[in-house]
Structures are given as C-alpha cells and as structure tokens.
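# A structural walkthrough
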Amino acid sequence: MGTAGQVLTTDGTTASFGDISGGASWQAVQTGNFNANVGEGYFVNTASAAITATLPGSPVLGDFISFIDYAGTFDTNNLTIGRNGKNIQGTAADLTVATERAGFTLVYVDSTQGWLLQNN
C-alpha cells in the first residue's frame, strides 16, 4: 500500500508505489558564484557583477539544471556556466550567456556532447 500522493508504477514485472517526480526544484535568487546541483533551477541576478555557475563534475544521462536571468542583466554582466571538465554543446569550453532575459535548461547526455541546451 502506498501513501497519499504516490502513484502506482511498474518495471514491467513488479508493481510498486512511487513518488511523482519531474521539473526543477527552484532555489532562492543567486547573487554570487555558486555550484549548480542536478534537478535544480536557479534565478541568477547579475545586476551587480558577472556570476559563474559551476556544473556538477559527475553528471549522468538525463541530469538537468535550469537557469533564468532574474534581473534582465546577462547582457551587461554575463552568466558563465563553468563546465567542470565536461563538454557543453560538444565543446570543451565554458558557456557564456550574454542574452538579456535568457532562460534555459542544460541536460547531460554523454562524454562526447556533454551538456546540451534543452531550450534556449
């Protein structure tokens, strides 16, 4: 028997109850450099200075992280996504975001392509 809010799932053989999952767990507004965590979303305020968000060092297939330009200032003070040793969009370079009001999600696929933009 499950608990309130759970759903019935199956692996093709065994049925069990599980929690509903999906979507980012949104965090408080970030105003300085930070380490981004898988499954989280970040409102990033670069009104005072450029900010670097460092990606996790050991991602696995399907891990995702979302970012939103809180103050509309990525064009003035950029957000840098630190790759932490993994490719971003198939390139061994950090990602610089300089578009005002940008909102996007990065999803990890593999060691060749690394983190890919889900939306931009």
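Before reading on, note that the structure itself is shown above.
Quick caveat, the model's predicted, so the values are computed rather than measured.

Cut-off values and rules
In every chain, residue numbers begin from 1 and rise along the written sequence. Restriction of local features to residues with pLDDT of at least 70 applies here, the model being predicted, together with a cutoff of 80 or more for giving and counting side-chain atom pairs; totals for whole chains, interfaces and linings are based on all residues. Water and hydrogen atoms play no part in the side-chain values, which are based on all heavy atoms of the structure. Here a helix means four or more residues in a row that DSSP labels H or I, a strand means two or more in a row labelled E, and each is numbered from the N terminus. Buried residues are those whose accessible area, probed at 1.4 Å on protein chains only, stays under 20% of the maximum for their type, while exposed residues exceed 50% and partly exposed ones sit between those limits. Think of a polar contact as two N or O atoms within 3.5 Å of one another; within protein, one of them needs to be a possible hydrogen donor and the other a possible acceptor, and neighboring residues in sequence only count if both atoms come from side chains.

Even without glycine at this site, Asn 84 takes up a positive phi of about 55°. Looking at the element boundaries, Asn 84 is found in the loop between strand S8 (79–82) and strand S9 (95–97). Note on Asn 84: relative accessible area 40%, which makes it partly exposed. At Gln 89, a position not held by glycine, the phi torsion is positive, near 60°. Within the fold, Gln 89 resides in the loop between S8 and S9.

Relative to the assigned elements, Asp 69 resides in strand S7 (residues 64–69). You can call Asp 69 buried: its relative accessible area is 2%. When the C-alpha atoms of Asp 69 and Ala 47 are compared, they prove to be 9.7 Å apart, with 22 residues separating the residues in sequence. One polar contact links the side chain of Asp 69 to the main-chain amide nitrogen of Ala 71, over a distance of 3.4 Å. Separated by 2.9 Å, the side chain of Asp 69 and the backbone nitrogen of Arg 101 make a polar contact.

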